[in-house]
Amino acid sequence: MGKVKFFHICALNLSPLLRQLSDGEGQGAEVKKLNMKVYKFGGTSVGSPDNMRMVMKIITDGEQKLVVLSAMSGTTNSLLQISGAIASGEKENAAGIASQLEKKYEKVVSELYANEVSRQKAMAVVYEVFGLIRSFFDIPYTEKTEKVIVAQGELISTQLFTLLMVEAGFSTVLLPALDFMRVDDERAAYLPAIRTLLAELMGSSPEVDYYITQGFICRNPQGEIDNLERGGSDYTASLIGAAINSEEIQIWTDIDGFHNNDPRYVDHTRKIDQLSFLEAAELAYFGAKILHPQTVLPARVQNIPVRLKNTMNPSDSGTLITTESDGTGIKAVAAKDGITAIKIRSARMLMAYGFLKRVFEIFEKYKTPIDMISTSEVAVSLTIDNTKFLDQISEELLAFGEVEVDRDMSIICIVGDIITEETGFASRVFNALDGIPIRMISYGGSRFNISVLVPTAHKKSTLQTLSDKLLN
Ligand code: ADP
Ligand code: ASP
Ligand code: MG
(Lines give C-alpha, C1' and ligand atoms only; values in the text may rest on other atoms or scores of the structure.)
(Ligands and ions follow the chains in the order given, each with its own letter.)
Protein backbone atom coordinates (compact mmCIF):
# COMPACT_ATOMS: atom_id res chain seq x y z
CA MET A 1 0.00 0.00 0.00
CA GLY A 2 1.36 3.41 -0.92
CA LYS A 3 1.33 6.35 1.38
CA VAL A 4 -2.17 7.76 1.70
CA LYS A 5 -2.63 11.44 1.03
CA PHE A 6 -5.76 13.36 1.96
CA PHE A 7 -6.73 16.70 0.71
CA HIS A 8 -9.77 18.86 0.47
CA ILE A 9 -10.93 20.71 -2.60
CA CYS A 10 -12.43 24.14 -1.92
CA ALA A 11 -16.08 23.20 -1.92
CA LEU A 12 -17.46 26.65 -2.52
CA ASN A 13 -17.77 26.82 -6.25
CA LEU A 14 -18.67 30.48 -6.34
CA SER A 15 -15.92 32.05 -8.34
CA PRO A 16 -18.02 34.04 -10.86
CA LEU A 17 -19.62 36.06 -8.09
CA LEU A 18 -16.39 36.38 -6.16
CA ARG A 19 -14.68 37.64 -9.31
CA GLN A 20 -17.40 40.20 -9.99
CA LEU A 21 -17.28 41.41 -6.42
CA SER A 22 -13.55 41.61 -6.06
CA ASP A 23 -13.04 43.19 -9.50
CA GLY A 24 -15.56 45.82 -8.53
CA GLU A 25 -17.27 45.03 -11.83
CA GLY A 26 -20.56 46.95 -11.98
CA GLN A 27 -19.52 49.30 -9.21
CA GLY A 28 -19.09 52.06 -11.76
CA ALA A 29 -22.87 52.47 -11.78
CA GLU A 30 -24.08 55.35 -9.64
CA VAL A 31 -24.93 53.55 -6.42
CA LYS A 32 -26.16 55.38 -3.39
CA LYS A 33 -24.59 53.87 -0.27
CA LEU A 34 -27.61 53.01 1.78
CA ASN A 35 -27.28 52.66 5.50
CA MET A 36 -30.18 50.35 5.53
CA LYS A 37 -30.48 46.90 7.06
CA VAL A 38 -31.78 43.98 5.04
CA TYR A 39 -34.15 41.66 6.91
CA LYS A 40 -35.20 38.29 5.50
CA PHE A 41 -38.11 36.26 6.86
CA GLY A 42 -38.48 32.58 5.98
CA GLY A 43 -41.50 30.40 5.30
CA THR A 44 -42.57 29.76 8.91
CA SER A 45 -42.07 33.44 9.79
CA VAL A 46 -44.74 34.39 7.24
CA GLY A 47 -46.58 31.06 7.53
CA SER A 48 -49.80 32.28 9.20
CA PRO A 49 -51.72 35.54 9.73
CA ASP A 50 -50.44 35.71 13.33
CA ASN A 51 -46.84 35.24 12.21
CA MET A 52 -47.20 37.87 9.48
CA ARG A 53 -48.45 40.31 12.10
CA MET A 54 -45.44 39.40 14.24
CA VAL A 55 -43.14 40.17 11.29
CA MET A 56 -44.86 43.52 10.86
CA LYS A 57 -44.26 44.29 14.53
CA ILE A 58 -40.56 43.33 14.27
CA ILE A 59 -39.78 45.43 11.21
CA THR A 60 -41.73 48.57 12.09
CA ASP A 61 -39.26 50.02 14.58
CA GLY A 62 -38.93 53.31 12.73
CA GLU A 63 -35.64 52.36 11.02
CA GLN A 64 -35.75 52.27 7.24
CA LYS A 65 -35.18 48.75 5.93
CA LEU A 66 -35.45 46.39 3.01
CA VAL A 67 -37.42 43.25 3.80
CA VAL A 68 -37.12 40.01 1.83
CA LEU A 69 -39.92 37.47 2.23
CA SER A 70 -40.15 33.77 1.38
CA ALA A 71 -43.32 31.99 0.36
CA MET A 72 -45.62 30.91 3.22
CA SER A 73 -44.38 27.56 4.58
CA GLY A 74 -45.53 24.56 2.56
CA THR A 75 -46.42 26.65 -0.49
CA THR A 76 -43.28 26.02 -2.55
CA ASN A 77 -43.64 22.27 -2.01
CA SER A 78 -47.30 22.38 -3.09
CA LEU A 79 -46.44 24.46 -6.17
CA LEU A 80 -43.78 21.94 -7.14
CA GLN A 81 -46.34 19.15 -6.73
CA ILE A 82 -48.76 21.02 -9.01
CA SER A 83 -46.06 21.49 -11.61
CA GLY A 84 -44.99 17.84 -11.31
CA ALA A 85 -48.58 16.70 -11.81
CA ILE A 86 -48.90 18.89 -14.93
CA ALA A 87 -45.61 17.49 -16.24
CA SER A 88 -46.89 13.94 -15.93
CA GLY A 89 -50.26 14.76 -17.49
CA GLU A 90 -52.20 14.36 -14.21
CA LYS A 91 -54.39 17.39 -14.68
CA GLU A 92 -56.99 16.37 -12.07
CA ASN A 93 -54.31 15.86 -9.46
CA ALA A 94 -52.85 19.29 -10.29
CA ALA A 95 -56.30 20.87 -10.07
CA GLY A 96 -56.95 19.20 -6.71
CA ILE A 97 -53.71 20.45 -5.13
CA ALA A 98 -54.28 23.94 -6.58
CA SER A 99 -57.81 24.13 -5.13
CA GLN A 100 -56.59 23.03 -1.70
CA LEU A 101 -53.83 25.61 -1.74
CA GLU A 102 -56.21 28.31 -2.94
CA LYS A 103 -58.56 27.51 -0.03
CA LYS A 104 -55.66 27.93 2.37
CA TYR A 105 -55.03 31.41 0.96
CA GLU A 106 -58.72 32.35 1.11
CA LYS A 107 -58.62 31.50 4.82
CA VAL A 108 -55.41 33.50 5.33
CA VAL A 109 -56.97 36.53 3.63
CA SER A 110 -60.17 36.23 5.65
CA GLU A 111 -58.16 36.35 8.91
CA LEU A 112 -55.34 38.75 8.04
CA TYR A 113 -56.93 42.14 7.44
CA ALA A 114 -58.90 44.59 9.50
CA ASN A 115 -61.02 46.05 6.73
CA GLU A 116 -63.04 44.86 3.77
CA VAL A 117 -61.20 46.93 1.14
CA SER A 118 -57.86 45.27 1.96
CA ARG A 119 -59.56 41.88 2.03
CA GLN A 120 -60.99 42.41 -1.45
CA LYS A 121 -57.65 43.56 -2.85
CA ALA A 122 -55.92 40.54 -1.32
CA MET A 123 -58.57 38.15 -2.65
CA ALA A 124 -58.05 39.63 -6.13
CA VAL A 125 -54.32 38.81 -5.80
CA VAL A 126 -55.12 35.22 -4.79
CA TYR A 127 -57.55 34.71 -7.69
CA GLU A 128 -55.14 36.19 -10.20
CA VAL A 129 -52.31 33.90 -9.04
CA PHE A 130 -54.46 30.77 -9.10
CA GLY A 131 -55.94 31.78 -12.48
CA LEU A 132 -52.39 31.93 -13.83
CA ILE A 133 -51.53 28.54 -12.32
CA ARG A 134 -54.65 26.98 -13.88
CA SER A 135 -53.78 28.45 -17.28
CA PHE A 136 -50.90 25.93 -17.41
CA PHE A 137 -53.20 22.92 -17.14
CA ASP A 138 -54.14 22.95 -20.81
CA ILE A 139 -50.93 23.95 -22.52
CA PRO A 140 -47.88 21.75 -23.16
CA TYR A 141 -45.52 21.52 -20.19
CA THR A 142 -42.04 22.98 -20.59
CA GLU A 143 -39.21 23.72 -18.14
CA LYS A 144 -40.51 27.26 -17.92
CA THR A 145 -43.84 26.04 -16.55
CA GLU A 146 -42.26 24.90 -13.29
CA LYS A 147 -40.26 28.11 -12.89
CA VAL A 148 -43.32 30.32 -13.34
CA ILE A 149 -45.53 28.22 -11.06
CA VAL A 150 -42.97 27.93 -8.26
CA ALA A 151 -42.40 31.72 -8.33
CA GLN A 152 -46.02 32.32 -7.31
CA GLY A 153 -45.34 31.52 -3.64
CA GLU A 154 -43.11 34.55 -3.08
CA LEU A 155 -45.23 36.71 -5.40
CA ILE A 156 -48.35 36.03 -3.33
CA SER A 157 -46.79 36.29 0.16
CA THR A 158 -45.19 39.66 -0.57
CA GLN A 159 -48.38 41.12 -2.03
CA LEU A 160 -50.47 39.97 0.94
CA PHE A 161 -47.88 41.31 3.39
CA THR A 162 -47.56 44.67 1.61
CA LEU A 163 -51.34 45.10 1.77
CA LEU A 164 -51.16 44.38 5.52
CA MET A 165 -48.46 47.04 6.00
CA VAL A 166 -50.36 49.61 3.96
CA GLU A 167 -53.60 48.87 5.81
CA ALA A 168 -51.76 49.45 9.10
CA GLY A 169 -50.60 52.85 7.82
CA PHE A 170 -46.86 52.15 7.32
CA SER A 171 -45.09 53.77 4.39
CA THR A 172 -44.28 50.72 2.30
CA VAL A 173 -43.39 49.89 -1.28
CA LEU A 174 -43.18 46.49 -2.96
CA LEU A 175 -40.05 46.22 -5.12
CA PRO A 176 -40.59 43.41 -7.67
CA ALA A 177 -37.57 41.08 -7.46
CA LEU A 178 -38.17 40.13 -11.09
CA ASP A 179 -37.20 43.70 -12.01
CA PHE A 180 -33.72 43.47 -10.48
CA MET A 181 -32.61 39.95 -9.43
CA ARG A 182 -30.56 38.45 -12.24
CA VAL A 183 -28.66 35.22 -12.86
CA ASP A 184 -26.23 34.53 -15.67
CA ASP A 185 -26.21 31.65 -18.16
CA GLU A 186 -24.96 29.26 -15.49
CA ARG A 187 -27.67 30.32 -13.03
CA ALA A 188 -25.07 32.13 -10.92
CA ALA A 189 -26.20 35.42 -9.40
CA TYR A 190 -25.05 38.36 -11.50
CA LEU A 191 -24.30 41.05 -8.96
CA PRO A 192 -23.36 43.95 -11.26
CA ALA A 193 -26.79 43.82 -12.91
CA ILE A 194 -28.55 43.38 -9.57
CA ARG A 195 -26.72 46.38 -8.16
CA THR A 196 -27.54 48.65 -11.10
CA LEU A 197 -31.14 47.58 -11.53
CA LEU A 198 -31.93 47.77 -7.81
CA ALA A 199 -30.41 51.25 -7.56
CA GLU A 200 -32.53 52.36 -10.53
CA LEU A 201 -35.67 50.81 -9.11
CA MET A 202 -35.19 52.34 -5.66
CA GLY A 203 -34.31 55.67 -7.25
CA SER A 204 -37.57 55.71 -9.18
CA SER A 205 -39.72 54.49 -6.27
CA PRO A 206 -41.10 56.82 -3.66
CA GLU A 207 -38.81 57.05 -0.61
CA VAL A 208 -40.51 54.96 2.05
CA ASP A 209 -39.66 53.42 5.42
CA TYR A 210 -40.13 49.81 4.41
CA TYR A 211 -39.21 48.23 1.10
CA ILE A 212 -40.59 44.72 0.62
CA THR A 213 -39.35 42.25 -1.99
CA GLN A 214 -39.50 38.58 -2.93
CA GLY A 215 -36.76 36.14 -2.02
CA PHE A 216 -35.80 33.22 -4.25
CA ILE A 217 -37.09 34.47 -7.62
CA CYS A 218 -35.12 36.13 -10.40
CA ARG A 219 -34.77 36.34 -14.16
CA ASN A 220 -32.22 34.58 -16.37
CA PRO A 221 -30.38 36.21 -19.32
CA GLN A 222 -33.29 35.29 -21.62
CA GLY A 223 -35.56 37.41 -19.41
CA GLU A 224 -37.46 34.33 -18.22
CA ILE A 225 -38.56 33.76 -14.65
CA ASP A 226 -36.02 31.64 -12.80
CA ASN A 227 -34.97 31.04 -9.18
CA LEU A 228 -31.99 30.72 -6.85
CA GLU A 229 -32.85 27.11 -5.95
CA ARG A 230 -34.51 25.79 -2.82
CA GLY A 231 -33.95 27.90 0.27
CA GLY A 232 -32.68 30.71 -1.98
CA SER A 233 -34.37 33.60 -0.15
CA ASP A 234 -31.39 33.80 2.22
CA TYR A 235 -29.17 34.26 -0.83
CA THR A 236 -31.48 36.99 -2.16
CA ALA A 237 -31.03 38.85 1.13
CA SER A 238 -27.24 38.69 1.05
CA LEU A 239 -27.10 39.68 -2.63
CA ILE A 240 -29.28 42.69 -1.86
CA GLY A 241 -27.13 43.47 1.18
CA ALA A 242 -24.03 43.45 -1.04
CA ALA A 243 -25.81 45.43 -3.78
CA ILE A 244 -26.82 48.29 -1.51
CA ASN A 245 -23.79 47.97 0.76
CA SER A 246 -26.02 47.37 3.74
CA GLU A 247 -24.78 47.75 7.31
CA GLU A 248 -26.26 44.40 8.40
CA ILE A 249 -28.16 41.45 6.98
CA GLN A 250 -30.59 39.73 9.33
CA ILE A 251 -31.98 36.29 8.54
CA TRP A 252 -35.11 35.71 10.62
CA THR A 253 -36.27 32.12 10.95
CA ASP A 254 -37.96 29.64 13.31
CA ILE A 255 -34.98 28.87 15.56
CA ASP A 256 -32.82 31.08 17.80
CA GLY A 257 -29.71 30.93 15.59
CA PHE A 258 -27.04 28.60 14.28
CA HIS A 259 -26.90 25.46 16.42
CA ASN A 260 -23.82 23.32 16.98
CA ASN A 261 -25.52 20.31 15.36
CA ASP A 262 -28.60 19.63 13.24
CA PRO A 263 -31.62 19.89 15.55
CA ARG A 264 -33.68 17.83 13.10
CA TYR A 265 -31.60 14.75 13.87
CA VAL A 266 -29.84 15.31 17.17
CA ASP A 267 -31.04 15.93 20.73
CA HIS A 268 -29.61 18.67 22.93
CA THR A 269 -28.09 20.96 20.32
CA ARG A 270 -26.90 24.37 21.47
CA LYS A 271 -27.02 27.80 19.87
CA ILE A 272 -23.68 29.33 18.84
CA ASP A 273 -23.38 33.05 19.61
CA GLN A 274 -20.71 33.88 17.04
CA LEU A 275 -19.29 32.33 13.87
CA SER A 276 -16.81 33.52 11.28
CA PHE A 277 -17.89 33.85 7.64
CA LEU A 278 -15.68 30.86 6.76
CA GLU A 279 -17.10 28.65 9.47
CA ALA A 280 -20.67 29.57 8.55
CA ALA A 281 -19.97 29.01 4.85
CA GLU A 282 -18.56 25.53 5.47
CA LEU A 283 -21.51 24.56 7.67
CA ALA A 284 -24.07 25.95 5.24
CA TYR A 285 -22.42 24.26 2.27
CA PHE A 286 -22.28 20.98 4.17
CA GLY A 287 -25.95 20.87 5.00
CA ALA A 288 -26.89 23.26 7.82
CA LYS A 289 -30.33 24.09 6.44
CA ILE A 290 -30.61 27.32 8.40
CA LEU A 291 -28.57 29.09 5.70
CA HIS A 292 -28.66 28.63 1.92
CA PRO A 293 -25.08 27.55 1.02
CA GLN A 294 -24.28 30.61 -1.08
CA THR A 295 -25.54 33.19 1.42
CA VAL A 296 -22.25 33.91 3.13
CA LEU A 297 -20.10 34.94 0.19
CA PRO A 298 -21.63 38.29 -0.86
CA ALA A 299 -21.75 39.37 2.79
CA ARG A 300 -18.21 38.21 3.43
CA VAL A 301 -16.67 39.95 0.45
CA GLN A 302 -18.25 43.26 1.48
CA ASN A 303 -17.73 42.56 5.16
CA ILE A 304 -21.40 42.90 6.08
CA PRO A 305 -22.33 41.22 9.40
CA VAL A 306 -25.03 38.57 9.12
CA ARG A 307 -27.26 37.99 12.13
CA LEU A 308 -29.54 34.98 12.46
CA LYS A 309 -32.63 35.69 14.57
CA ASN A 310 -35.78 33.92 15.74
CA THR A 311 -39.08 35.49 14.66
CA MET A 312 -40.82 33.67 17.52
CA ASN A 313 -38.34 35.07 20.08
CA PRO A 314 -37.12 38.45 18.78
CA SER A 315 -35.39 39.54 21.98
CA ASP A 316 -32.83 36.71 21.74
CA SER A 317 -29.53 37.99 20.34
CA GLY A 318 -29.28 35.09 17.85
CA THR A 319 -26.03 34.22 16.06
CA LEU A 320 -23.70 36.85 14.68
CA ILE A 321 -21.55 35.98 11.66
CA THR A 322 -18.56 38.26 11.02
CA THR A 323 -14.95 38.11 9.86
CA GLU A 324 -13.72 37.16 13.30
CA SER A 325 -13.67 33.68 14.66
CA ASP A 326 -14.55 33.54 18.33
CA GLY A 327 -12.08 31.25 20.10
CA THR A 328 -10.57 27.96 19.02
CA GLY A 329 -11.81 24.40 19.06
CA ILE A 330 -14.71 22.52 17.57
CA LYS A 331 -17.78 24.65 17.08
CA ALA A 332 -20.32 22.67 15.11
CA VAL A 333 -21.09 19.80 12.79
CA ALA A 334 -23.41 19.49 9.81
CA ALA A 335 -24.34 16.78 7.33
CA LYS A 336 -24.92 16.91 3.61
CA ASP A 337 -26.92 14.06 2.06
CA GLY A 338 -27.27 12.82 -1.49
CA ILE A 339 -23.55 12.29 -1.95
CA THR A 340 -22.12 9.81 -4.43
CA ALA A 341 -18.59 8.46 -4.01
CA ILE A 342 -16.61 7.41 -7.08
CA LYS A 343 -13.45 5.30 -6.77
CA ILE A 344 -11.08 4.99 -9.73
CA ARG A 345 -8.47 2.25 -9.37
CA SER A 346 -5.70 2.39 -11.92
CA ALA A 347 -2.24 0.90 -12.21
CA ARG A 348 -1.44 3.86 -14.44
CA MET A 349 -1.52 6.16 -11.40
CA LEU A 350 1.60 4.57 -9.93
CA MET A 351 4.48 7.06 -10.09
CA ALA A 352 2.66 8.94 -12.87
CA TYR A 353 2.15 12.65 -13.09
CA GLY A 354 -0.78 14.34 -14.80
CA PHE A 355 -3.16 11.54 -13.82
CA LEU A 356 -5.34 13.58 -11.48
CA LYS A 357 -5.46 16.41 -13.98
CA ARG A 358 -6.97 14.10 -16.58
CA VAL A 359 -9.49 12.79 -14.05
CA PHE A 360 -10.50 16.33 -13.08
CA GLU A 361 -10.88 17.34 -16.71
CA ILE A 362 -13.70 14.82 -17.09
CA PHE A 363 -15.58 16.39 -14.17
CA GLU A 364 -14.91 19.83 -15.58
CA LYS A 365 -16.25 18.77 -18.98
CA TYR A 366 -19.55 17.78 -17.32
CA LYS A 367 -19.61 20.86 -15.05
CA THR A 368 -19.79 18.61 -12.00
CA PRO A 369 -18.15 20.00 -8.85
CA ILE A 370 -16.14 17.67 -6.63
CA ASP A 371 -16.53 18.03 -2.86
CA MET A 372 -14.05 15.61 -1.27
CA ILE A 373 -11.11 13.71 -2.62
CA SER A 374 -8.60 11.24 -1.19
CA THR A 375 -5.85 9.45 -3.04
CA SER A 376 -3.48 6.53 -2.66
CA GLU A 377 -0.81 5.48 -5.16
CA VAL A 378 -3.22 3.27 -7.08
CA ALA A 379 -6.65 4.72 -6.49
CA VAL A 380 -8.47 7.97 -6.11
CA SER A 381 -11.85 8.43 -4.43
CA LEU A 382 -13.93 11.52 -4.83
CA THR A 383 -17.46 12.68 -4.12
CA ILE A 384 -20.07 14.58 -6.07
CA ASP A 385 -23.61 15.64 -5.23
CA ASN A 386 -24.80 16.43 -8.74
CA THR A 387 -25.31 13.09 -10.47
CA LYS A 388 -26.88 14.45 -13.66
CA PHE A 389 -23.92 13.27 -15.75
CA LEU A 390 -22.82 10.35 -13.58
CA ASP A 391 -23.27 7.79 -16.37
CA GLN A 392 -21.22 9.78 -18.86
CA ILE A 393 -18.53 10.54 -16.25
CA SER A 394 -18.28 6.86 -15.20
CA GLU A 395 -18.07 5.81 -18.83
CA GLU A 396 -15.16 8.16 -19.51
CA LEU A 397 -13.38 7.23 -16.26
CA LEU A 398 -13.37 3.58 -17.35
CA ALA A 399 -10.56 4.55 -19.71
CA PHE A 400 -8.30 4.81 -16.61
CA GLY A 401 -9.20 1.53 -14.91
CA GLU A 402 -11.89 0.12 -12.61
CA VAL A 403 -14.64 2.46 -11.50
CA GLU A 404 -16.74 1.86 -8.39
CA VAL A 405 -19.75 4.02 -7.48
CA ASP A 406 -21.33 4.22 -3.98
CA ARG A 407 -24.57 6.14 -3.68
CA ASP A 408 -26.56 7.29 -0.63
CA MET A 409 -23.61 8.69 1.24
CA SER A 410 -23.44 11.73 3.55
CA ILE A 411 -20.60 14.12 4.21
CA ILE A 412 -20.29 14.97 7.89
CA CYS A 413 -18.47 18.24 8.28
CA ILE A 414 -16.87 19.21 11.58
CA VAL A 415 -16.09 22.91 11.82
CA GLY A 416 -14.18 25.13 14.16
CA ASP A 417 -11.10 27.23 14.40
CA ILE A 418 -8.81 24.29 14.79
CA ILE A 419 -5.16 24.74 15.61
CA THR A 420 -4.20 21.14 15.17
CA GLU A 421 -1.06 20.80 17.24
CA GLU A 422 -2.51 22.55 20.26
CA THR A 423 -5.80 20.71 20.49
CA GLY A 424 -5.08 17.17 19.35
CA PHE A 425 -8.14 17.73 17.27
CA ALA A 426 -7.78 14.77 14.90
CA SER A 427 -7.40 12.19 17.63
CA ARG A 428 -10.44 13.53 19.47
CA VAL A 429 -12.50 13.31 16.28
CA PHE A 430 -11.35 9.77 15.48
CA ASN A 431 -11.96 8.58 19.02
CA ALA A 432 -15.46 10.02 18.84
CA LEU A 433 -16.06 8.23 15.55
CA ASP A 434 -15.05 4.83 16.89
CA GLY A 435 -17.44 2.23 15.43
CA ILE A 436 -18.68 4.42 12.56
CA PRO A 437 -17.97 2.99 9.06
CA ILE A 438 -16.01 5.87 7.52
CA ARG A 439 -15.60 5.72 3.74
CA MET A 440 -13.42 8.82 3.24
CA ILE A 441 -11.74 11.54 5.26
CA SER A 442 -10.70 15.05 4.29
CA TYR A 443 -8.44 16.92 6.68
CA GLY A 444 -5.87 19.64 6.38
CA GLY A 445 -7.40 21.58 3.49
CA SER A 446 -8.08 24.44 5.85
CA ARG A 447 -7.76 25.03 9.56
CA PHE A 448 -11.54 25.25 9.76
CA ASN A 449 -12.82 21.84 8.85
CA ILE A 450 -12.55 18.09 8.79
CA SER A 451 -15.01 16.08 6.73
CA VAL A 452 -15.83 12.39 6.80
CA LEU A 453 -17.95 10.42 4.38
CA VAL A 454 -20.35 7.85 5.85
CA PRO A 455 -23.31 5.89 4.48
CA THR A 456 -26.44 8.00 4.97
CA ALA A 457 -27.91 5.16 7.04
CA HIS A 458 -25.24 6.06 9.65
CA LYS A 459 -25.67 9.84 9.45
CA LYS A 460 -27.92 10.27 12.47
CA SER A 461 -25.78 8.10 14.76
CA THR A 462 -22.62 9.89 13.54
CA LEU A 463 -24.08 13.30 14.29
CA GLN A 464 -25.34 12.16 17.68
CA THR A 465 -22.04 10.61 18.72
CA LEU A 466 -20.18 13.78 17.68
CA SER A 467 -22.59 15.82 19.78
CA ASP A 468 -22.23 13.54 22.77
CA LYS A 469 -18.45 13.18 22.63
CA LEU A 470 -17.17 16.41 21.09
CA LEU A 471 -19.68 19.19 21.52
CA ASN A 472 -21.32 18.77 24.90
P1 ADP B 1 -36.67 29.35 6.76
O2 ADP B 1 -37.94 28.83 6.17
O3 ADP B 1 -36.87 30.43 7.79
O4 ADP B 1 -35.66 29.70 5.73
P5 ADP B 1 -35.35 26.82 7.19
O6 ADP B 1 -36.27 25.68 7.46
O7 ADP B 1 -34.80 26.94 5.82
O8 ADP B 1 -36.09 28.15 7.63
O9 ADP B 1 -34.12 26.82 8.22
C10 ADP B 1 -34.36 26.73 9.60
C11 ADP B 1 -34.28 25.29 10.04
O12 ADP B 1 -32.96 24.79 9.78
C13 ADP B 1 -34.45 25.06 11.52
O14 ADP B 1 -35.81 24.98 11.87
C15 ADP B 1 -33.68 23.76 11.76
O16 ADP B 1 -34.55 22.66 11.79
C17 ADP B 1 -32.81 23.60 10.53
N18 ADP B 1 -31.38 23.46 10.86
C19 ADP B 1 -30.55 22.52 10.33
N20 ADP B 1 -29.32 22.65 10.81
C21 ADP B 1 -29.34 23.68 11.70
C22 ADP B 1 -28.37 24.29 12.53
N23 ADP B 1 -27.10 23.88 12.56
N24 ADP B 1 -28.75 25.32 13.30
C25 ADP B 1 -30.02 25.76 13.30
N26 ADP B 1 -30.99 25.23 12.52
C27 ADP B 1 -30.66 24.20 11.73
N1 ASP C 1 -39.70 29.40 -0.98
C2 ASP C 1 -38.43 28.86 -1.42
C3 ASP C 1 -38.24 27.47 -0.86
O4 ASP C 1 -39.10 26.98 -0.14
C5 ASP C 1 -37.27 29.74 -1.07
C6 ASP C 1 -37.04 29.96 0.43
O7 ASP C 1 -37.94 29.76 1.23
O8 ASP C 1 -35.94 30.37 0.77
O9 ASP C 1 -37.28 26.84 -1.17
MG1 MG D 1 -34.42 28.51 4.51
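A short tour of the structure in this document, coming up.

## Some points on the overall build of the protein
Along the backbone of the protein there are 15 helices and 17 strands. In terms of overall dimensions, the protein is globule-like: its C-alpha atoms have a radius of gyration of 24 Å, near the 23 Å expected for 472 residues. Looking at the protein residue by residue over its 472 residues, the buried ones come to 53%. Considering only contacts in the protein between residues 6 or more positions apart, those separated by 24 or more positions represent 77%. Of the side-chain charges in the protein, 48 are positive and 59 negative, and the distance between the mean point of each set is 2 Å.

## Here we look at the site of ligand 2
Close to ligand 2 lie Ser-70, Ala-71, Thr-76, Glu-154, Phe-216, Arg-230, Gly-231, Gly-232 and Ser-233, which account for all nearby residues. Thr-76 is positioned such that a nitrogen or oxygen atom in its side chain is 2.8 Å from a nitrogen atom of ligand 2. In the model, an oxygen atom of ligand 2 is placed 2.8 Å from a nitrogen or oxygen of the Gly-231 main chain. Look at ligand 2: alone it shows 260 Å² of surface, and the protein chains cover 86% of it.

## With respect to helix α7 (residues 191-204)
For α7, built from 14 residues, the straight-helix expectation of 20 Å at 1.5 Å per residue is met to within 8% by its first-to-last C-alpha distance of 20 Å. The complete set of buried residues in α7 reads Leu-191, Pro-192, Ala-193, Ile-194, Arg-195, Leu-198, Leu-201 and Met-202.

## Quick notes on the side chain of Ser-157
Within the element layout of this structure, Ser-157 appears in helix α6 (residues 143-167). At a separation of 3.3 Å, a polar atom in the side chain of Ser-157 contacts the main-chain carbonyl oxygen of Glu-154. Beyond its immediate stretch of four places on either side in the chain, Ser-157 contacts Leu-69, Ser-70, Ala-71 and Met-72.

## What to know about the site of ligand 1
Around ligand 1 sit 16 residues, and of these Lys-40, Thr-253, Asp-254, His-259 and Lys-289 come closest. Within the side chain of Lys-40, a nitrogen or oxygen atom sits 3.0 Å from an oxygen atom of ligand 1. Within the side chain of Lys-289, a nitrogen or oxygen atom sits 2.6 Å from an oxygen atom of ligand 1. Contact with the protein chains removes 87% of the 570 Å² of surface that ligand 1 exposes when unbound. Residue composition of the shell around ligand 1, by class: five nonpolar, six polar and five charged.

## Considering the pattern of salt bridges
Side-chain pairing between opposite charges can occur once the charged atoms of the two side chains come close. According to the stated counting rule, one finds 25 salt bridges in the structure shown. Among the salt bridges present, the one from Arg-187 reaches Asp-226, with a minimum N-O distance of 2.9 Å. Placement of Arg-187 in the loop between β4 (172-175) and α7 and of Asp-226 in strand β7 (residues 225-227) is noted, with a sequence separation of 39 residues between them. Relative accessible area serves as the criterion here: at 32%, Arg-187 is assigned to the partly exposed category.

## Details of empty space enclosed by the protein
For the structure shown, the criterion picks out two cavities of 30 Å³ or more. The volume enclosed by the second largest cavity comes to roughly 30 Å³. What lines the second largest cavity is simply Thr-75, Leu-79, Leu-101, Tyr-105, Val-129, Phe-130, Ile-133, Gln-152, Gly-153 and Ile-156. Listed by contribution, the elements that provide at least two residues to the lining of the second largest cavity are α3 (75-87), α4 (91-112), α5 (116-135) and α6. For the lining of the second largest cavity, the per-class residue count stands at seven nonpolar, three polar and no charged.

## Description of the sheet that holds strand β8 (residues 249-253)
The mixed open sheet is built from eight strands, whose spatial order is β4-β5-β3-β2-β8-β10-β11-β9. Because the sheet does not close on itself, it has two edges, and the strands there are β4 and β9 (274-276). Between one strand axis and the next, the sheet turns by 20° as a mean value, whatever way the strands run. Note that β4 and strand β5 (residues 210-214) share four bridges and pair parallel.

## Describing the packing of aromatic side chains
What the rule picks out here adds up to eight aromatic pairs. Consider the rings of Phe-170 and Tyr-210, whose centres lie 6.1 Å apart with planes at 85°: the pair is edge-to-face. Here Phe-170 is found in the loop between α6 and β4, whereas its partner Tyr-210 is found in strand β5, with 40 residues between them in sequence. Its guanidinium or amino end placed over the ring of Tyr-39, Lys-65 lies 5.1 Å from that ring's centre, counting from NZ or CZ.

## Considering the environment of Ser-118
Its place among the elements puts Ser-118 in helix α5. A relative accessible area of 7% places Ser-118 in the buried class. Taking the C-alpha atoms as reference, Ser-118 lies 9.2 Å from Leu-160; in sequence the two are 42 residues apart.

## Here we look at unusual backbone geometry
The phi angle at Asn-303 is positive, at roughly 55°, despite the residue not being glycine. Relative to the helices and strands, Asn-303 is located in the loop between α10 (296-301) and β10 (306-310). Residues other than glycine seldom take positive phi values, yet Lys-367 does so here, at roughly 45°. Structurally, Lys-367 can be placed in the loop between α11 (355-365) and β13 (372-375).

What counts and how
- Residues numbered from 1 in each chain as written.
- Chains lettered and ligands numbered in written order.
- Predicted model: local features only at pLDDT ≥ 70, side-chain atom pairs only at ≥ 80, totals over all residues.
- Heavy atoms only, no water.
- Helix = DSSP H or I, 4+ residues; strand = E, 2+ residues; numbered from the N terminus.
- Rg over C-alpha atoms; globule rule 2.2 N^0.38 Å.
- Buried < 20%, exposed > 50% of the residue type's maximum accessible area, 1.4 Å probe, protein only.
- Contact = heavy atoms within 4.5 Å.
- Lys, Arg positive; Asp, Glu negative; His and termini not counted.
- Charge placed at Lys NZ, Arg CZ, Asp CG, Glu CD.
- Near = heavy atom within 4 Å.
- Polar contact = N/O pair within 3.5 Å; in protein donor to acceptor, adjacent residues only side chain to side chain.
- Areas by Shrake-Rupley, 256 points an atom, 1.4 Å probe, with all protein chains shown as cover.
- Expected span 1.5 Å × (residues − 1).
- Nonpolar A, V, L, I, M, F, W, Y, C, P; charged D, E, K, R; others polar.
- Salt bridge = Lys/Arg side-chain N within 4 Å of Asp/Glu carboxyl O.
- 1 Å grid on protein atoms, 1.4 Å probe; cavity = no way out; pocket = protein on both sides within 12 Å on 5 of 7 lines; lining within 4 Å.
- Points joined across faces, edges and corners; volume = space filled by probe spheres on them.
- Pairing = 2+ DSSP bridges.
- Axes fitted to C-alpha atoms, helices over the stretch in contact; angles between N-to-C directions.
- Phe/Tyr/Trp six-rings, centres within 6.5 Å; stacked < 30°, edge-to-face > 60°.
- Lys NZ or Arg CZ within 6 Å of the ring centre and 35° of its normal.

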